[in-house]
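Each chain, letter by letter, is given below.
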Amino acid sequence: MTAVLIDLKAKSPLYVGLLFGGQSGEHDVSITSARAIASALNQNSRYKLQPFYIQRDGTWRSPDVSQQVLDSSKALQDAELLTNAAFFLPTEVQQVDLWFPVLHGPNGEDGTVQGLLQLMHKPYVGNGVLASSVGMDKIAMKAIFANAGLPQVKYVALNRWQWQQDELAWSEHIEATLGYPCFVKPSNLGSSVGISKVRDRQQLKEAIASATSYDPRIIIEQGVTAREIECAVLGNEQPQASAIGEITFTSDFYDYETKYTAGKADLIIPSQLPDNVTQAVQSMAVKAFQTVAGSGLARVDFFYVEATGTVLINEINTFPGFTSLSMYPKLWEYSGIPFTELCDRLVDLALEKYY
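This report concerns the structure included in the present document. Remember, predicted model here, so these are calculated numbers, not experimental data. (Residues numbered from 1 in each chain as written. Predicted model: local features only at pLDDT ≥ 70, side-chain atom pairs only at ≥ 80, totals over all residues. Heavy atoms only, no water.)

This paragraph deals with the sheet that holds strand β12 (residues 310–317). Read from one edge of the open sheet, five strands run β10-β9-β8-β11-β12, paired in antiparallel fashion. Strand pairing shows two members of the sheet lacking a second neighbour, β10 (265–268) and β12, which therefore form its edges. The average undirected angle you get between the axes of adjacent strands in this sheet is 30°. Relative to β10, strand β9 (residues 240–249) runs antiparallel, the two being bridged by four bridges. By the bridge assignment for β10, isoleucine 247 is matched with leucine 267. Helix-sheet contacts for helix α14 (residues 339–354) involve β8 (227–235), β9 and β11 (296–305), and the interaxial angle to β8 is about 55°. (Pairing = 2+ DSSP bridges. Helix = DSSP H or I, 4+ residues; strand = E, 2+ residues; numbered from the N terminus. Axes fitted to C-alpha atoms, helices over the stretch in contact; angles between N-to-C directions. Contact = heavy atoms within 4.5 Å.)

Take the nonpolar core next. If you look at the biggest cluster of nonpolar residues, it comprises 38 residues, and the most contacted ones within it are Leu18, Ile37 and Phe100. The set of elements that each furnish at least two residues to this core consists of β1 (14–21), α2 (27–41), β2 (47–54), α3 (63–71), β3 (98–102), β8, α13 (327–334) and α14. For this core, the element with the highest residue contribution is α14, accounting for seven residues. Setting aside residues up to four positions removed in sequence, isoleucine 37 forms contacts with Leu18, Phe100, Val102, Phe319, Phe322, Phe339 and Cys343. (Core = buried A, V, L, I, M, F, W, Y, C linked by side-chain atoms within 4.5 Å. Buried < 20%, exposed > 50% of the residue type's maximum accessible area, 1.4 Å probe, protein only.)

Moving on, we get to the packing of aromatic side chains. The tally for this structure, following the rule as stated, stands at seven aromatic pairs. Both rings, one in phenylalanine 20 and one in tyrosine 53, keep their centres 5.5 Å apart while their planes meet at 35°; by these two values the pair is tilted. One end of the pair, phenylalanine 20, is in strand β1; the other, tyrosine 53, is in strand β2, with 33 residues separating them in the sequence. An angle of 50° between the planes, with centres 5.3 Å apart, marks the rings of phenylalanine 52 and tryptophan 99 as tilted. Here tryptophan 99 lies in strand β3 and phenylalanine 52 lies in strand β2, a separation of 47 residues in the sequence. (Phe/Tyr/Trp six-rings, centres within 6.5 Å; stacked < 30°, edge-to-face > 60°.)

Here we come to the sheet that holds β1. The strands making up a sheet associate through backbone hydrogen bonding, with each pair oriented either parallel or antiparallel. Across the sheet, which stays open at both edges, the three strands sit in the order β2-β1-β3 with parallel pairing between neighbours. The two strands at the open ends of the sheet, each matched to only one other strand, are β2 and β3. When strand polarity is set aside, the average angle formed by the axes of neighbouring strands in this sheet is 25°. Set on the sheet, α14 makes contact with β1, β2 and β3; between it and β3 the angle comes to about 125°.

Looking now at the pattern of salt bridges. Two side chains that carry opposite charge are able to pair once their charged atoms sit near each other. This model, assessed by the stated rule, comprises 12 salt bridges. Here aspartate 348 ties to arginine 46 by a salt bridge, and the two come within 2.8 Å at their closest N and O atoms. Here aspartate 348, found in helix α14, pairs with arginine 46, found in the loop between α2 and β2; they are 302 residues apart in sequence, far enough to count as distant. The class of aspartate 348 is partly exposed, set by a relative accessible area of 28%. The closest approach of N and O atoms between arginine 227 and glutamate 306, which form a salt bridge, is 3.1 Å. Taken together, the residues arginine 227 in strand β8 and glutamate 306 in the loop between β11 and β12 connect sequence positions 79 residues apart. Within this structure, Lys142, Lys185 and Glu221 form a network of salt bridges that share partners. (Salt bridge = Lys/Arg side-chain N within 4 Å of Asp/Glu carboxyl O.)

Let us now look at α13. In an α-helix there are 3.6 residues to a turn, and that puts residues three or four apart on one side. Those residues of α13 that sit buried are Met327, Tyr328, Pro329, Leu331 and Trp332. Where α13 is buried, its residues touch β8, β9, β10, β11 and α14. Following α13 by one or two positions, glycine 336 adopts a phi angle in the positive range, close to 105°.

Burial within β1 is extensive, with seven of its eight residues counted as buried. In this sheet, β2 lies alongside β1 in parallel orientation, the contact comprising eight bridges. Its bridge partner being in β2, leucine 14 is matched across the sheet by tyrosine 47. Since β1 and β2 lie parallel, the crossover through α2 that links them has a hand, and here it is right-handed. Taken together, the five bridges between β1 and β3 define a ladder with parallel strand orientation. Across the sheet, residue valine 16 finds its bridge partner in β3, namely leucine 98. (Right-handed = clockwise from strand over helix to strand, strands pointing away.)

Residue proline 13 is reached from serine 12 by a cis peptide bond, and omega for that bond is 0°. By the element assignment, proline 13 lies in the loop between α1 (2–10) and β1. For the bond running from tyrosine 180 to proline 181, omega is 0°, close enough to zero to count as cis. Examined against the element boundaries, proline 181 turns out to sit in the loop between α9 (167–177) and β5 (182–186). With a phi close to 60°, asparagine 107 is a non-glycine residue in the positive phi region. Along the chain, asparagine 107 turns up in the loop between β3 and α5 (112–119). On the accessibility criterion, asparagine 107 (37% relative accessible area) is partly exposed. Residues other than glycine seldom take positive phi values, yet histidine 121 does so here, at roughly 60°. Mapped onto the elements, histidine 121 comes out in the loop between α5 and α6 (129–136).

As structure tokens, this is what we get:
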């Protein structure tokens, strides 16, 4: 197996399958991330890029059509690209040496695509099936973090059927356990899609109706007054933590629009934190990564309750954004790894993991 690794690492060019788009609500964000990564990979003669665009209906497109999407100043509508939505894998898939999935959210970041790539018996960038699925499902993630002793905000997990059976009992339980304000979230969505901040019982009812329209399993978290802190992790069996970043914003909370609209949020790198807090965040980020069996990359988000000096883990993102506004590449750039080198390292980590 070692000889195969040396041969593949020495291969020139290495055919890299850039997989982007997807069926989640973060489809357009994925395209933007893929453009940035494609630009970085194309600067290195080591790689021969083979882009594969997944339409919103799940259809995979060939590299020539996929390149049109990358080159377009705006996302092409699926109707412009294909009239027959039958699923197929383009023949160029057979040329790929290594996959670079640039997918955010369900049907991409949740282990489904990772399972498909694993069945292809080719190395791929990023987390495997277990870490991806756990990282996407907030209920499973919180249970695993709790078992690992990682401190979190108080939360209540339930499903749509439970809520419908006794709204009153659940409302009283949530109010007694968490109080207001609290946040209602679908268990399996990313980028703050479907999340609501609620301050009373009527808003709670409306928020649960909204969240369960995205996912029958939901989670309600206690609201805390805290700074939002983020740490990037890079590596496989010996992961490293980056400098710490902080998100500041003027909106009520860090929702989808705030995340992806220029000027609505500011990234502060490095965050001005006491040394012991910085070290605690970095240590917890690595522990969270290892707890879910992470590989390649992740961004781990925290709440820092300044009044008490408490650090609480919020979530792990197993394929964080790679757009011009994204924290993950910016944290590593500040930590001494520029964007192009970061992409190279992710490729090397994929080869290391596979072999």
